[in-house]
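Observations on chain architecture
If you want the building blocks of each chain, they are given just below.
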Amino acid sequence: MIYALRELRSKFKSGIKNPLFIFVILLALLPLALQEPYLLYVATLVLIYIVIAVSWNILAESGQFSLGHAAFFGIGAYTSTLLYKYFLVNPLLGMPFSALTSCALALLMGVICLPLREFYLAIATLALSEVLRTIVIMLPEITGGAVGLGIPPLFGGNRVLNYYLMLAIAVIALSTLYAVRRSKLYLALVTLRCDEVVASSIGINPVKYRLYAFLLSALFPGLCGGFFSFYVGFIDPFSVFNIEISIAPQIMSVLGGIYTFWGPIIGALIIEPVKEFLRISMPTGYLVVYGIIMILCIRFLPRGIMEALKAYTGMSEAVPVGGRKCSR
Amino acid sequence: MLEVKDVYKRFGGLEALKGVSFCVNKGELIGLIGPNGAGKTTLFNVISGLLKPEKGIIKFKGIDIVGLRPYEIARLGIGRTFQLSRPLMDMTLLDNVAVACIYGGRKRVGLKEARSIALEKLRLVGLADKAHLTPKSLTLLERKILEISRALALDPELLLLDEPLSGLSPREIDMHVSLIKKIREDLGVTVIWIEHVMRAIMGAVDRVIVLHQGAKIAEGSPREVAKDSNVIKAYLGEEYAKG
Amino acid sequence: MDPSIITFFQVMMCGLLVGGLYALFSVGLNVIFGVMKIINFAHGEFLMLGGYLTYFLFMLANIDPLLSIPITMALLFLVGFLIEKSLIKPLAGGPPYSYILLTLGISIALQNIALILWTGNYRSVPVWYSALPLSIGPISVGLSLVVAFTVAVILTAILYVLLKRTTFGKSVRALSQNPELAQAMGINVSKMYTLTFCLGAMVAGVAGSLVAFTMYIFPSVGFEIAIKSFCIVILGGLGSFGGAIVGALLLGLAESFTSVYLPGGSGWAPVVFFAVLLITLVVKPQGLLGAKA
């Protein structure tokens, strides 16, 4: 584990000329172009979804297909909110705790899901997410119940400052997950996904690495959740435990290219703005776009945009190719 | 090196292994044969930790390994291949071997070092030029070779090969057998080899163990075993001396 | 008789009746999984569509839901056919997650289209027997629920006979147990997949009709019931017909009992059921009546 951290640090330092770096610079300059506060709001949401999508993807890389990621977001949101409400903890201090509770939940979920595969795992994670939501609703004295809680917005509601805070979170998340992708931990996860029996036979402890994957994929969504409640100044179980938060990263990952780094990012960049735009022009049933995109994507572009790009540019199979569960 | 004593394994009502006992000494090349359903792969699964026997003791280098998880057994130095080769399809050949180096090798290595070790191992078996491709583009023989390289990346002291020759042409069989012999001679790895292709295995191994319906029915040199009446009876009705 | 005992039986009765409806829906889902080995996340939408169809047939043409069942069956069969042929079949041989995502996508799309077309208002079909209670001794239950339950039982029984006695049923079972062998014996796998899917859709549609006059129909009604149903089939054992029935009745009972006996009522019901599900998954993953993998 120490080895992994050391590797992470050296990767950090060598990554300056990286496309990720350029991407971050572009994102940092964005508020100059988007003066309209609503657009900045959408941009912040996009950042959140980028982080959640890339995080979800890491879990998928280990072969664990979660339909309950909203749970991590939700618990993060409630952690920072309740810490503020009961202990007057500054949200900026509260957010790391959000990440912590999210990780604790991830461990719990991971352990429960250890014997489960594929569909069973998906349903179990969905069930856990729903249970958490129900618990929150049923304890209104503590959590505000279905009605929710109002809290003072961060930075007095200044959209630009909030955007940069979220950008900072996103940068930390993306660089960490980017470094993980280049580490030996990643190889273990992909091996687990491809063939669990083979993974065992070459010395990979499946329990350890499945749990690592859960932890890694829950950390940043939890952090985002912690940020989100203070960003909108309001929290309620239906918005933060919304199943959409569980489903969106999947569509985004599949559209952009599952099992790749940029896939979920591209997916989020496309889908989230489209969704928000539709929400304004078509307040009822705008989510139909999710459904249609999902259908079209799976049907015609099952490996996502990244794969189509690779084919188009004629790149050879120099990097792990995503899309298919390993077949014999 | 490997001591198997009185191993019993049952699946519901079926007794797959009945009191199997034998020893394997360091550096030996042992053949494990028997008609289909004899329990050979089950025995491998028990040794490598994928299955837990109901009864019996298995000692590897003096260490009791029954009850250990498969990955712990791999790290102790037992590598294996599978009957139908299972390459990691979404990873390059290089990574296929590198991941074994990292997680199963004797010492802790980083990713870069593991990849260079892996490249060396691929070079030894002649797959270095395909190191950056995925197993999708490999022929059957190449996949089997990859499977063995991956197991060897563990620097194992004991290698379990499960029907490595199945599906190969006669020429490929000869190539693969010489690879296996090389592994024993050059690398000093002890090998237990399950096989149905008799002509190949009988000529190459030091000793043969014969299983039939879960029990060991014979053990000895290839010539002794070939003449053993129990063995002939077990194989009667089957194509004898295939290949 | 002691009023609390009456209540107990009342609650139990109610639970069993609702469970019967869930059972009808779940066995359809179960058959699809058993044969095609896919989980149809859009199954709930077949129920929803059946419900809306029944509603509009009643409202616009004054057709009693029981009479419109054949129409519902036919139309849902067609819908299932279209979906299976155009979307599901082409996916064969792809990665396992693709079915989950595809059917999820279909589910989201259909739910939202329904939302757009018919708004989120709760609909229900007020048949003449809706408000009438049926008394069995000291216990009284809604007549409509009893009627729905009866229909569900009849249909489930027909389905059972279909699967166990007819040639079609035998092909279905052969396919679910050993697809390669079934194919080698001349069963047209592709056609069977389509038929099975359509059958499941049809049955779900009828379940929707039943829901229409016993409960409410709204765009996401199917999704909610479907989630419960996934839990039901897992609890009962994926692939087990009897398991789906048992699981469904258990869920009906659990919902009924928690809504009456637990403080906070029906809110805790999902937690209770999910908890049971999770325990089952960990202890006996193949479900109560499922076969060992």
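Residues numbered from 1 in each chain as written. Chains lettered and ligands numbered in written order. Predicted model: local features only at pLDDT ≥ 70, side-chain atom pairs only at ≥ 80, totals over all residues.

Check the secondary structure of chain B and you find nine helices and 10 strands. In summary, chain B has a C-alpha radius of gyration of 18 Å against a globular reference of 18 Å for 243 residues, a match within 12%. With the C-alpha coordinates of chain B rotated into their principal frame, the extents come out at 55 × 40 × 35 Å. For chain B, the residues scored as buried account for 48% of the 243 residues in total. Contacts spanning at least 24 positions in sequence make up 67% of the contacts within chain B whose residues lie at least 6 apart. (Helix = DSSP H or I, 4+ residues; strand = E, 2+ residues; numbered from the N terminus. Rg over C-alpha atoms; globule rule 2.2 N^0.38 Å. Buried ≥ 20, exposed ≤ 12 C-beta atoms within 10 Å, placed from the backbone. Contact = placed C-beta atoms within 7 Å.)

Attention now moves to the sheet that holds strand β8 (residues 190-194) of chain B. Residue and element names in this part refer to chain B. What the six strands build is an open sheet, ordered β6-β7-β8-β3-β9-β10; its pairing is mixed. The two strands at the open ends of the sheet, each matched to only one other strand, are β6 (78-80) and β10 (215-220). Averaged over neighbouring strand pairs, the angle between their axes works out to 20 degrees when direction is ignored. Here helix α1 (residues 40-47) sits on the sheet in contact with β3 (29-33), β6, β7 (158-162), β8 and β9 (207-212), set at roughly 150 degrees to β7. (Pairing = 2+ DSSP bridges. Axes fitted to C-alpha atoms, helices over the stretch in contact; angles between N-to-C directions.)

Take Gly156(A): it is sitting in the loop between β1 (149-150) and α8 (159-181). For Gly156(A), a count of 8 C-beta atoms within 10 Å puts it in the exposed group.

Time to look at the interface of chain A and chain C. Taken together, the contacts link 35 residues of chain A with 35 residues of chain C. Residue contributions to the side of chain A that touches chain C peak at 13 residues, all from helix α6 (residues 118-138) of chain A. Here the side of chain A that touches chain C is composed, by residue class, of 24 nonpolar, six polar and five charged. (Nonpolar A, V, L, I, M, F, W, Y, C, P; charged D, E, K, R; others polar.)

Tracing the sequence through the fold places Gly188(B) in the loop between α6 (170-187) and β8. With 143 residues separating them along the chain, Gly188(B) and Asn45(B) place their C-alpha atoms 23 Å apart.

What follows deals with the nonpolar core. The biggest cluster of nonpolar side chains holds 284 residues, and the ones touching the most others in it are Val51(A), Met294(A), Trp193(B) and Leu21(C). Apart from the residues within four sequence positions on either side, Met294(A) is in contact with Ile251(A), Leu101(C), Leu102(C), Leu104(C), Gly105(C) and Ile108(C). (Core = buried A, V, L, I, M, F, W, Y, C linked by C-beta atoms within 7 Å.)

Now for the interface of chain A and chain B. If you look at the interface, chain A gives 26 residues, while chain B gives 29 residues. Contributing elements (two or more residues each) for the side of chain A that touches chain B: α1 (2-14), α9 (184-194) and α10 (196-201) of chain A. Looking at the side of chain A that touches chain B, the element that brings in the most residues is α9(A), giving six residues. For the side of chain A that touches chain B, the residue count by class is 13 nonpolar, eight polar and five charged.

All right, on to the packing of helix α14 (residues 262-281) of chain A against helix α15 (residues 288-300) of chain A then. Residue and element names in this part refer to chain A. Two numbers describe how α14 lies on α15: the axes approach to 9 Å, and their chain directions differ by 145 degrees. Facing Ile-271, Val-274, Lys-275 and Leu-278 of α14, the residues of α15 in contact are Val-289, Tyr-290 and Ile-293. When the residues that make up the contact of α14 with α15 are grouped by side-chain class, the tally is six nonpolar, no polar and one charged.

Any functional reading would require information beyond the geometric quantities listed.
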